[in-house]
Amino acid sequence: MGVLSDYFRAADAASVVQALEQADGGSPLFTEPPAFDGVEAKHVDPTVVLAQLIAAVRQVEWRVDLVEETTVWPTSPAPGPDGPADDDDPWVTGPWVSELQLPARDTLAGVRDCDIPAVVARWVRAEELQGARSEDMQPLAEELVLPARRARSAGERLYCWTSL
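Let us look at the structure shown here. Remember, predicted model here, so these are calculated numbers, not experimental data. (Residues numbered from 1 in each chain as written. Predicted model: local features only at pLDDT ≥ 70, side-chain atom pairs only at ≥ 80, totals over all residues. Heavy atoms only, no water.)

Before going further, it helps to spend a moment on the pattern of salt bridges. Oppositely charged side chains can pair when the atoms bearing their charge come close. All told, the structure shown has 10 salt bridges when counted by the stated rule. Residue Asp113 pairs with Arg149 through a salt bridge whose shortest N-O separation is 2.8 Å. Placement of Asp113 in the loop between helix H4 (102-109) and helix H5 (116-123) and of Arg149 in helix H6 (residues 134-154) is noted, with a sequence separation of 36 residues between them. Note that Arg133 and Glu135 form a salt bridge whose closest N and O atoms lie 3.3 Å from each other. (Salt bridge = Lys/Arg side-chain N within 4 Å of Asp/Glu carboxyl O. Helix = DSSP H or I, 4+ residues; strand = E, 2+ residues; numbered from the N terminus.)

Right, let's get into the packing of aromatic side chains. Scanning all chains against the criterion turns up two aromatic pairs. Consider the rings of Phe8 and Phe36, whose centres lie 5.1 Å apart with planes at 15 degrees: the pair is stacked. You can see Phe8 sitting in strand E1 (residues 4-10) and its partner Phe36 sitting in the loop between helix H1 (13-22) and strand E2 (38-40), a full 28 residues away along the chain. The buried category is assigned to Phe36, whose relative accessible area is 14%. With 5.7 Å between their ring centres and 20 degrees between their planes, Phe8 and Tyr159 make a pair best called stacked. Of this pair, Phe8 sits in strand E1 while Tyr159 sits in strand E5 (residues 157-163); the two residues are 151 residues apart in sequence, bridging distant segments of the chain. Neither residue differs from the other here; Phe8 and Tyr159 are each classed as buried. (Phe/Tyr/Trp six-rings, centres within 6.5 Å; stacked < 30°, edge-to-face > 60°. Buried < 20%, exposed > 50% of the residue type's maximum accessible area, 1.4 Å probe, protein only.)

Here the focus is the side chain of Arg105. Take Arg105: it is sitting in helix H4. Judged by relative accessible area, Arg105 falls into the buried class, the value being 8%. Aside from chain neighbours lying at most four places away, what touches Arg105 is Ala148, Ala151, Arg152, Gly155, Glu156 and Leu158. (Contact = heavy atoms within 4.5 Å.)

Another point: the packing of H4 against H6. Running from N to C, H4 and H6 cross one another at 115 degrees; their axes reach a closest spacing of 7 Å. Considering their axes alone, H4 and H6 lie roughly perpendicular with respect to each other. In this structure, H4 crosses over H6, and the sense of that crossing is left-handed. Contacts between H4 and H6 involve Arg105, Asp106, Leu108 and Ala109 from the first element and Leu144, Val145, Ala148, Arg149, Ala151 and Arg152 from the second. (Axes fitted to C-alpha atoms, helices over the stretch in contact; angles between N-to-C directions. Parallel < 35°, antiparallel > 145°, perpendicular 65-115°, else oblique. Left-handed = near helix turned anticlockwise from the far one by under 90°.)

Of all the seven residues making up E5, six are buried; the element is thus mostly covered by neighbouring parts of the structure. As defined by bridge partners, E1 adjoins E5 across seven bridges and the pair is classed as antiparallel. For Ala10, the partnering residue across the bridge sits in E5 and is Arg157. Looking at chain direction, strand E4 (residues 96-100) and E5 are connected through five bridges and run antiparallel. Note that in E5 the partner of Trp96 across the bridge is Thr162. (Pairing = 2+ DSSP bridges.)

Along the polypeptide, Thr107 turns up in helix H4. Judged by relative accessible area, which is 15%, Thr107 ranks as buried. Reaching out from Thr107, the side chain makes a polar contact with the side chain of Arg58 at a distance of 2.9 Å. For Thr107, the side chain forms a polar contact with the main-chain oxygen of Pro103, separated by 2.7 Å. Setting aside residues no more than four positions away along its own chain, Thr107 makes contact with Ile54, Val57 and Arg58. (Polar contact = N/O pair within 3.5 Å; in protein donor to acceptor, adjacent residues only side chain to side chain.)

Have a look at this one:
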């Protein structure tokens, strides 16, 4: 088992929360019909693996704050420094949804189609993608770029739904 990640675009955090409430926290990509336009991206967490893609696009070194995000789900107050009070707390169990800040969306949206193979060749060198092949990862990179482009064109944000 691993981390499940779905990336999608939405107008705002309120519409994301509303869709999650209707789906009992499930991915808004798997409702009928899907609540939002997006892509399933197993094991592509925003902080590390997506940030590695962003770093590859920008041709910079990865760093932990490369993709800034704001949690929009769960909606309960975040636990304090001592952590959640019990193991059933949604901050422990998930799922979690974060809004990616505009630089991440705009970086992905700005990738030219002709540059994707070179970007992916840099991306697969990341330690977290050890053993991944460019030809296997390129379709995923292309799928991640598309909703970013559509989000930017529509003035929307990118979100990541994550579950264990």
